[in-house]
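Residue-level structural notes
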Amino acid sequence: MNRRFAFAAVLPFLLPVLLACPLSAQSTQEFERRRMQFATRVPDGVIVVLGAREPAQDYLSFSQAPSFNYLTGFEEPDAALVMVKKGVQVAWAMMFVQPKLPSREVWTGVRLGVRGVTDLTSIRGRVVTELPAVLDSLARTGMAFNVVGQFGATDGPEGSADVRSPDEQMMDALQKKYAGLKVTPVNDLVEELRGTKSPAELALIRRAADITVRAQKEAIAALKDGMNEFEIQALIEYTFRRNGADRPSFATIVGSGPNATTLHYNANDRFIGINDLVVMDIGASYKGYAADVTRTVPASGKFSPTQREVYTIVRDAQAAAERQAKLGAPSRLMNDSANAVIAAGLARLRLIDSPDATYDCSTGASPRQCPQYRMYYMHGLGHGIGLEVHDPEQYYYTAKLGPGSAFTLEPGIYVRERVLDEMPDTPRNREIAARLRPLVTFYRNIGVRIEDDYVVTEQGVEGISRAPREIAEIEALMKAGSTGPAPRDRAFVEGYKAP
Ligand code: GLY
Ligand code: MN
């Protein structure tokens, strides 16, 4: 059989594998480059990168551990990458994966198996059942182990530090057998690399943001009082999938009325009242990459005077932060400028005594002082986005914005009915509460968050989530209303081209 014919003969078999390719739109070379960058930062020895395990409970959906995904692009469960690093070289590398067993594929769907993972990653594959023996023989050499996996955080109840994750248990067993074996978690080294996104990653984040904006527009147009929050959630998540997203990148938040003031509310099961503001904090995940966009809209279709006052302060705070978001600028300036606008605005509404007023945030003889505006704005200005919705971001390490940054800006104000009762009970706080209570009652249950996504390239900072956010734009879209979601936009879904 000549070679051309041989290729033609295998093509029908190869094609489904290529189409089902679990690598994201990034090239094999890009993953190779990341592994080399990572390896140069790790001390000599064995490098073990552990993927996420099949969920212990049956039928829960699987998603890959972000750092494993970052270094391999391989999205099947129970996988591991093992490398041996000496000097500037990776002397040896191996991917351990589930075997390709037709009897198991009946349940799990197609697995790439040892040959498939080698074709896709250019790393030799072995079945994962051989991993313990390989790690054992590497441990016997006395080389130090540098491990990326689930360390520290456990699924156990809060405070149960003695609950060891499966990854920790695997390393504990090796250390028990080989006294003196040095095991160092090196998650932080991958995370720092993940903080600077490549052009291919930025393209995926842009796509996730485009899809999220489509969902925001559908939701804003459809939202009416009398609907239940879950109806908006369903429309949002349907719009994600209809536009090619994998899944929501975090639990969708649709919070109306008092729920708008709870930061991570996601029960989404309340009927929306006509006087409510509704916070919709949502994100699509596209080929593993997250967007995170929040809009706040009035159920009536028109902002009331009080809703407008609070909304305008939050929008001004975001605009102030945006003015400081420049290539090479210190990230702290974004924070400082948003804080100043929020503090001044809350003082104007008399929800706080003055922009720099404080309250006792501990008890005792000399209580710690915290800014009063923090009672209504309890979270940070933003965070990195990427393989996780709260992803590492280079400004965490460098304190400034550089090419490859991808982050959110999401100021907010939340007037919880009981906000003043949350202060520790001190004589001073009682006085503050007595002064501020009438205004808190006046503005109660107004929760506003406005969140957008930004990427940084050599050309500068670019906002990538252009959903309506000015009051007039939101009111116009709500007035236009919705005729129901359109069917899947095939040209959009199939038109994605990796750069
Ligand atoms: N969008 C949810 C969060 O940033 O916490
Ligand atoms: Mn966010």
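Owing to the predicted nature of the structure, the values given are computational and were not obtained by experimental measurement.

1. Section: the sheet that holds strand 3 (residues 89–97)
- Pairing is mixed in the open sheet, where 6 strands are placed in the order 4-3-2-1-5-6. Strands at the two margins of the open sheet, each flanked by one partner only, are strand 4 (124–127) and strand 6 (183–185). Ignoring strand direction, the axes of neighbouring strands in this sheet form an average angle of 25°.
- Relative to strand 3, strand 2 (residues 80–86) is paired through 7 bridges, and the arrangement is antiparallel. Along strand 3, the bridge assignment pairs Val82 with Met94.

2. Quick word on the coordination of the manganese ion (ligand 2)
- The protein atoms donating to the manganese ion (ligand 2) are Asp292 (OD), His383 (NE2), Glu410 (OE) and Glu451 (OE), with metal-donor distances spanning 2.0 to 2.2 Å.
- Taken in sequence order, the residues that donate to the manganese ion (ligand 2) follow the motif D-x90-H-x26-E-x40-E. Here Asp292, found in the loop between strand 11 (289–290) and strand 12 (293–298), pairs with His383, found in the loop between strand 14 (369–371) and helix 13 (394–398); they are 91 residues apart in sequence, far enough to count as distant. Each member of the pair, Asp292 as well as His383, is classed as buried.

3. Here's the deal with the confidence of the model for the protein
- For the protein, per-residue confidence averages 92 on the pLDDT scale, and residues scoring 70 or more make up 93% of the total.
- Note that residues 1–24 has pLDDT below 50 and, in this model, 18 contacts with residues that lie over four places away or in other chains.

4. Some thoughts on the site of ligand 1
- Taken together, Phe250, His264, Asp281, Asp292, His383, His390, Glu410 and Glu451 make up the full set of residues adjacent to ligand 1.
- Taking His383, its side chain carries an N or O atom lying 3.0 Å from an oxygen atom of ligand 1.
- In the environment of ligand 1, an oxygen atom lies 2.8 Å from a nitrogen or oxygen atom belonging to the side chain of His390.
- Taking 200 Å² as the accessible area of ligand 1 by itself, protein coverage stands at 91%.
- By residue class, the composition of the shell around ligand 1 is 1 nonpolar, 3 polar and 4 charged.

5. Some details on the environment of Glu470
- Within the secondary structure, Glu470 sits in the loop between strand 19 (460–463) and helix 15 (471–480).
- Sequence separation of Glu470 and Tyr311 is 159 residues, and the distance between their C-alpha atoms is 9.4 Å.
- Side chain to side chain, Glu470 and Arg315 meet in a polar contact 2.9 Å long.

6. Topic: the environment of Arg194
- Among the secondary structure elements, Arg194 is positioned in helix 8 (residues 187–194).
- As a C-alpha pair, Arg194 and Phe407 span 213 residues in sequence and 12 Å in three-dimensional space.
- In contact with Arg194, not counting residues within four places along its chain, are Pro66, Ser67, Tyr70, Leu387, Glu388, Asp391 and Pro392.
- A polar contact is formed between the side chain of Arg194 and the side chain of Asp391, at a distance of 2.6 Å.

7. Thoughts on the sheet that holds strand 9 (residues 277–282)
- Across the sheet, 3 strands lie side by side as 8-9-12; this open sheet has antiparallel pairing. One side of each edge strand has no neighbouring strand; the edge strands of this open sheet are strand 8 (253–256) and strand 12. Across the sheet, the mean angle from the axis of one strand to that of its neighbour is 10°, orientation sign disregarded.

8. Digging into the pairing of strand 1 (residues 45–50)
- Across the 6 residues of strand 1, 6 count as buried, placing the element largely inside the fold.
- Judged from the 6 bridges that link them, strand 1 and strand 2 form a sheet pairing that is antiparallel. Within strand 2, the residue paired with Ile47 across the bridge is Met83.
- Two strands pair when backbone bridges link them, and strand 1 and strand 5 (residues 145–148) are joined in this way by 4 bridges, in the parallel orientation. Directly across from Val49, in strand 5, lies its bridge partner Val148.

9. Focus: the packing of aromatic side chains
- A full pass over the atoms with the stated rule returns 6 aromatic pairs.
- Their ring planes at 70° and their centres at 5.3 Å tell us that Tyr286 and Tyr496 sit as a pair that is edge-to-face. With Tyr286 in strand 10 (residues 284–286) and Tyr496 in the segment after helix 16 (490–494), this pair connects stretches of sequence that are 210 residues apart.
- Between Tyr395 and Tyr396, the aromatic rings sit 5.4 Å apart at their centres with planes inclined by 80°, giving edge-to-face as the arrangement.
- What makes Tyr395 buried here is its relative accessible area of 14%.
- Classification of Tyr396 by relative accessible area gives partly exposed; the value is 42%.
- By way of ring pairs, the aromatic residues Tyr395, Tyr396, Phe407 and Tyr454 are connected into one cluster.
- Of note, Arg207 hangs over the ring of Phe492, and the distance from its end group to the ring centre comes to 3.7 Å.

Thresholds applied
- Residues numbered from 1 in each chain as written.
- Chains lettered and ligands numbered in written order.
- Predicted model: local features only at pLDDT ≥ 70, side-chain atom pairs only at ≥ 80, totals over all residues.
- Heavy atoms only, no water.
- Pairing = 2+ DSSP bridges.
- Helix = DSSP H or I, 4+ residues; strand = E, 2+ residues; numbered from the N terminus.
- Axes fitted to C-alpha atoms, helices over the stretch in contact; angles between N-to-C directions.
- Donors = N, O, S within 2.8 Å, 3.2 Å for Na, K, Ca; no water.
- Buried < 20%, exposed > 50% of the residue type's maximum accessible area, 1.4 Å probe, protein only.
- pLDDT = per-residue confidence, 0-100.
- Contact = heavy atoms within 4.5 Å.
- Near = heavy atom within 4 Å.
- Polar contact = N/O pair within 3.5 Å; in protein donor to acceptor, adjacent residues only side chain to side chain.
- Areas by Shrake-Rupley, 256 points an atom, 1.4 Å probe, with all protein chains shown as cover.
- Nonpolar A, V, L, I, M, F, W, Y, C, P; charged D, E, K, R; others polar.
- Phe/Tyr/Trp six-rings, centres within 6.5 Å; stacked < 30°, edge-to-face > 60°.
- Lys NZ or Arg CZ within 6 Å of the ring centre and 35° of its normal.

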